[in-house]
Amino acid sequence: QVQLVESGGGLVQPGGSLRLSCAASGIIFSFHDMAWYRQAPGKERELVAAITSDGRSNYVDSAKGRFTVSRDNVKNTVYLQMNSLKPEDTAVYYCNAARRISRYWGQGTLVTVSS
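Scope of this entry: the structure provided in the associated data block. Here the structure is a predicted model, which is why all the values come from computation and not from measurement. (Residues numbered from 1 in each chain as written. Predicted model: local features only at pLDDT ≥ 70, side-chain atom pairs only at ≥ 80, totals over all residues. Heavy atoms only, no water.)

### A few points about the overall build of the protein
To be explicit about the condition: Helical segments are the DSSP runs of H or I of at least four residues, strand segments are the runs of E of at least two, and each set is numbered from the N terminus. Our radius of gyration looks at C-alpha atoms and nothing else; its globule reference is 2.2 Å times the residue count to the power 0.38. Residue burial is assigned from relative accessible area. The probe radius is 1.4 Å, only protein chains are included, and a residue is buried under 20% of its type maximum, exposed over 50%, and partly exposed in between. Per-residue accessibility takes into account occlusion by the displayed protein chains alone, with areas from the Shrake-Rupley method and a 1.4 Å probe. When charges are counted, Lys and Arg are positive and Asp and Glu negative, with His and the chain ends excluded. One atom stands in for each charge, and that atom is NZ of Lys, CZ of Arg, CG of Asp or CD of Glu.
Looking only at helices and strands, one finds 0 helices and 11 strands in the protein. For the protein, the succession of helices and strands along the chain, N to C, is β-β-β-β-β-β-β-β-β-β-β. Taking 13 Å as the expected radius of gyration for a compact globule of 115 residues, we find that the protein reaches 13 Å, a close match to that expectation. Across its three principal directions, the C-alpha atoms of the protein cover 40 × 25 × 25 Å. Sorting the 115 residues of the protein into buried and exposed places 40% on the buried side. Summed over its atoms, the accessible surface of the protein is roughly 6,400 Å², and 47% of this surface lies on carbon and sulfur atoms. Where the 13 positive side-chain charges of the protein centre and where its 9 negative ones centre are 4 Å apart.

### Description of the nonpolar core
Put simply, the test is: As used here, the term nonpolar core means buried Ala, Val, Leu, Ile, Met, Phe, Trp, Tyr and Cys residues forming a set that is joined through side-chain atoms within 4.5 Å.
Membership of the largest hydrophobic core comes to 28 residues, with the highest contact counts inside it found for Trp 36, Val 48, Phe 67, Val 78, Leu 80, Met 82 and Tyr 93. Sorting the residues of this core by element identifies β3 (18–25), β4 (33–39), β5 (46–51), β7 (67–72), β8 (77–82), β9 (91–99) and β11 (109–113) as the ones contributing at least two each.

### Notes on the pattern of salt bridges
Note the following rule: We count a salt bridge whenever a side-chain nitrogen from Lys or Arg sits within 4 Å of a carboxyl oxygen from Asp or Glu.
Scanning all chains against the criterion turns up 5 salt bridges. Among the salt bridges present, the one from Arg 56 reaches Asp 54, with a minimum N-O distance of 3.1 Å. The exposure class of Arg 56 is exposed, given its relative accessible area of 55%. Taking relative accessible area as the criterion, Asp 54 reaches 54% and is therefore assigned exposed.

### Notes on the packing of aromatic side chains
Quick reminder of the rule: Put simply, two rings from Phe, Tyr or Trp (the six-membered ring, in Trp's case) pair if the centres are within 6.5 Å, and we call them stacked under 30 degrees between planes, edge-to-face over 60, tilted for the rest. Should the NZ of a Lys or the CZ of an Arg lie within 6 Å of a ring centre and within 35 degrees of the ring normal, that charge is described as sitting over the ring.
Using the criterion set out here, one finds 1 aromatic pair in the structure. In this structure, Arg 45 packs its charged tip against the face of Tyr 37, placed 5.3 Å from the ring centre. The side chain of Arg 71 reaches across the aromatic face of Phe 29, ending 4.6 Å from its centre.

### With respect to the state of the cysteines
The cut-off we apply is this: When two cysteine sulfur atoms lie within 2.5 Å, the pair is treated as a disulfide.
One pass over the full model with this rule turns up 1 disulfide. At a sulfur-sulfur separation of 2.1 Å, the disulfide partner of Cys 22 is Cys 95. Handedness of the Cys 22-Cys 95 disulfide follows from its S-S torsion of about -85°: it is left-handed. Of this pair, Cys 22 sits in strand β3 while Cys 95 sits in strand β9, and the two are 73 residues apart along the sequence. The buried category is assigned to Cys 22, whose relative accessible area is 0%.

Pasting the structure below:
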């Protein structure tokens, strides 16, 4: 069975940092493009950051310069390092794995940025 297990969410003050992790099993991890999405209350889900199987990354404009996506193909884990967090970053963050027509999702982890 395919499983994406996320961790690292929580409450952080504005300007703080968090690192999200997503551990994958049941897939050939190195063959998959990995991505982080988020959904805030009342807003549509948006792609935050993605990293392809060969290591190319891209970010939503609001995350550029603050967030870094990386992957460890030995640990079968993708990370999202989030720095200089803002209240508008508050959302449920979802891990996604994609290859051809296959799409797998994690359960989501809540990030709350508040004083």
